[in-house]
Amino acid sequence: MPSAVLRSSSVRGSAKVGPWSYRAYRSRVVAAAKSTQDHRPCVVLSNDDGCDFPLLTSLYHELRRSLPRELEVVICAPATNQSAASHRITLGKKMRVTERRDVGKHVFSVEGSPADSMQVAIGSRCSVVPTLGLTPILAVSGINLGPNLSTDVLYSGTVAAAREAGFNGVPAISASLATRELTEASCQGAVTATCRLVEAAVRLLGTDPPANYPRRFEGLLGNGQRNSRSIVELSEERDGVTSMDHPKALRDAFRSGDVMLNLNVPPGWAEPAGGRCSFTPTSLGLMQYGEPRLVRLEAPRVSHGNGMASPAAHVEYMYSSPPNLGFHEVEGTDTMAVQAGLASITTLTNWPEGHPLCLQEKILTAALCPDSHGFPAWLSSSYSINSNVALSP
């Protein structure tokens, strides 16, 4: 993976830079490399809209207020807007990292993509988070301005940052506000919904370091993963009963960074009174982007000297922003949930189809079972294959 260069030069505007001199930073790297036993737990935030984007900073301040005091909150996010960057990484170029004290404590901007930002944060012992004396127990990417539904999860830099955390063995959540109009009410709703999901994840995970961080592959193929020799034995159905505990397999995969949660909050969402459901577990929906439109066509110019055409025709296309989207009604999907005013929670595998660590489809289907609040029931450590009723997380 590309290496990060942490420099003490400022960025534009009112950004302030911390005392990251070469000597001080080197001493932190050496200390981090010696031991992680004394590291404090933290939640790492990133996004694709930039490290000082209002939805990210609002989430940062709310999590610092609502999470247990022993949990630090760190931002490591792109220095500039990187929307629709997908899972691009920077190769062969240095990535400047700047401490942004004007935004808050432990806030860093990265001159790179969202995936770069997460890798710079947690990818090695000399990354930003370990050098702060911290260990990530959860990564949260977002809150994105605009939905990440259906095939958006392939284009999205926000989802990619969360997936990159999973690649490193850290449990991860991506969160999006499913509108491109940022109002105070929608911002508050998205922050509240994201905090509720983060709190549920922290209840499941606890504050101990993830067992799979830094990521190791040896001997870690779990139940239900495609290359596990125990798949056939554990997933046999006898008399209509499946012997594998699918909720436990999902919890184990989440703890190991092999699945992640993708949250989409509709505009105007508010936490309901009286315990009514405002979330729902979903699968990916069916959505289609409109075609790019032709915005410029320049005919080739003909030289007076020899009659040869030079240069060639010049054509420009552009997608509209926001894009024209076509939705197709498929029940139980993220697109339908958001249109119904519910916050959608989709369990996604972090690995490509056919990868040894990719979960079987039958296990991911079990993620559609809700608890009493609408969260995926597997998020509750007390919910198992033998549970008759989905329990509150």
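Residues numbered from 1 in each chain as written. Predicted model: local features only at pLDDT ≥ 70, side-chain atom pairs only at ≥ 80, totals over all residues. Heavy atoms only, no water.

### Let's talk about the packing of helix α7 (residues 184–205) against helix α9 (residues 246–256)
Relative orientation of the contacting elements α7 and α9 amounts to 100°, with a least axis distance of 11 Å. The angle between the axes of α7 and α9 places the two elements in the roughly perpendicular class. Touching Ala 201, Leu 204 and Leu 205 of α7 are Arg 251, Phe 254 and Arg 255, all from α9. (Axes fitted to C-alpha atoms, helices over the stretch in contact; angles between N-to-C directions. Helix = DSSP H or I, 4+ residues; strand = E, 2+ residues; numbered from the N terminus. Parallel < 35°, antiparallel > 145°, perpendicular 65-115°, else oblique. Contact = heavy atoms within 4.5 Å.)

### Quick look at the nonpolar core
Within the largest apolar cluster, 54 residues are counted, with the highest numbers of intra-cluster contacts made by Leu 45, Leu 138, Phe 254 and Leu 379. Top element by residues in this core is α7. It accounts for 12 residues. Setting aside chain neighbours within four positions, we find Phe 254 in contact with Leu 138, Pro 171, Ala 172, Ala 201, Leu 204, Leu 205, Val 259, Met 260, Leu 261, Trp 378 and Leu 379. Of all hydrophobic cores here, the second largest spans 26 residues; its members include Val 44, Val 74, Val 128 and Ala 172. (Core = buried A, V, L, I, M, F, W, Y, C linked by side-chain atoms within 4.5 Å. Buried < 20%, exposed > 50% of the residue type's maximum accessible area, 1.4 Å probe, protein only.)

### Things to note about the environment of Cys 277
With respect to the helices, strands and loops of the structure, Cys 277 is situated in the loop between β10 (259–265) and β11 (279–282). On the basis of relative accessibility, which here comes to 43%, the residue Cys 277 falls in the partly exposed class. Filtering out sequence-adjacent residues up to four positions away, Cys 277 remains in contact with Leu 342, Ser 372, His 373 and Gly 374.

### What about the pairing of strand β6 (residues 134–145)?
With 11 of 12 residues buried, β6 is to be regarded as a mostly interior element. Strand direction decides the pairing type here: β6 and strand β7 (residues 172–177), joined by five bridges, are parallel. Residue pairing in the sheet places Ser 141 in a bridge with Ser 174 of β7. (Pairing = 2+ DSSP bridges.)

### Observations concerning the confidence of the model for the chain
Summing up the model confidence of the chain, the mean pLDDT is 81 and the portion of residues at 70 or higher is 72%. The model gives residues 1–17 a pLDDT under 50, and that stretch makes 42 contacts with residues more than four places away or in other chains. Confidence over residues 388–393 falls short of pLDDT 50; this stretch has 22 contacts with residues more than four positions distant or in other chains. (pLDDT = per-residue confidence, 0-100.)

### Section: helix α2 (residues 54–66)
Taking 1.5 Å of rise per residue, the 13 residues of α2 would be expected to cover 18 Å, and the 18 Å separating its terminal C-alpha atoms lies within 8% of that figure. Taken as a whole, α2 has its buried residues at Leu 55, Leu 56, Thr 57, Leu 59, Tyr 60 and Leu 63. Structurally, α2 contributes buried residues whose contacts are with β2 (40–46), β3 (72–78), β5 (107–110), β6, β7 and α7. (Expected span 1.5 Å × (residues − 1).)

### Details of the side chain of Asp 48
With respect to the helices and strands, Asp 48 occurs in the loop between β2 and α2. In this structure, Asp 48 is buried with no salt-bridge partner, the nearest side chain bearing the opposite charge being Arg 180 at 8.9 Å. One polar contact links Asp 48 to Thr 158, side chain to side chain, over a distance of 3.2 Å. Among residues more than four places away in sequence, those in contact with Asp 48 are Pro 78, Thr 80, Asn 81, Gln 82, Ser 83, Ala 84, Pro 114, Asn 144, Ser 156, Gly 157 and Thr 158. (Lys, Arg positive; Asp, Glu negative; His and termini not counted. Salt bridge = Lys/Arg side-chain N within 4 Å of Asp/Glu carboxyl O. Polar contact = N/O pair within 3.5 Å; in protein donor to acceptor, adjacent residues only side chain to side chain.)

### Here we look at α9
Residues that lie three or four places apart on an α-helix share one face, since the helix turns once every 3.6 residues. All of the buried residues in α9 are His 246, Pro 247, Ala 249, Leu 250, Arg 251, Ala 253 and Phe 254. In the stretch just after α9, Gly 257 is the one whose phi turns positive, near 80°.

### Concerning unusual backbone geometry
Of note, the amide linkage connecting Gly 142 to Ile 143 takes the cis form, showing an omega dihedral of 15°. Within the fold, Ile 143 resides in strand β6. Cis geometry marks the peptide bond from Tyr 213 to Pro 214; its omega dihedral reads -5°. By the element assignment, Pro 214 lies in the loop between α7 and α8 (231–235). For Ser 86, which is not glycine, the phi torsion reads 55° and is therefore positive. Locating Ser 86 in the fold gives a position in the loop between β3 and β4 (95–99). A positive phi is found at His 106, a non-glycine position, where the angle reads about 55°.

### A closer look at the pairing of β10
The element β10 is largely enclosed, with a buried count of seven among its seven residues. Neither face of β10 is exposed, since Val 259, Leu 261, Leu 263 and Val 265 on one face and Met 260, Asn 262 and Asn 264 on the opposite face are all buried. Bridge count between β10 and strand β16 (residues 343–349): six bridges; the pairing is antiparallel. Considered in β16, the bridge of Leu 263 is made with Ile 345.

### Comments concerning the packing of aromatic side chains
For the structure on display, the rule yields four aromatic pairs. On the basis of an interplanar angle of 65° and a centroid distance of 5.5 Å, the ring pair of Phe 254 and Trp 378 is categorised as edge-to-face. Here Phe 254, found in helix α9, pairs with Trp 378, found in the segment after α11 (361–365); they are 124 residues apart in sequence, far enough to count as distant. Owing to a relative accessible area of 1%, Trp 378 belongs among the buried residues under this scheme. (Phe/Tyr/Trp six-rings, centres within 6.5 Å; stacked < 30°, edge-to-face > 60°.)

### Regarding the pattern of salt bridges
Under the defined criterion, the tally for this structure stands at 11 salt bridges. A salt bridge links Asp 52 to Arg 100, with the shortest nitrogen-to-oxygen separation between them at 3.7 Å. Remark: Arg 100 occurs in the loop between β4 and β5 and Asp 52 occurs in the loop between β2 and α2; sequence separation between them is 48 residues. A relative accessible area of 42% places Asp 52 in the partly exposed class. With its nearest N and O atoms 3.9 Å apart, the salt bridge here joins Arg 101 to Glu 99. Residue class for Glu 99 comes out buried when judged on its relative accessible area of 10%. Connected through salt bridges with shared partners, the residues Arg 40, Glu 72 and Lys 105 form a single ionic network.

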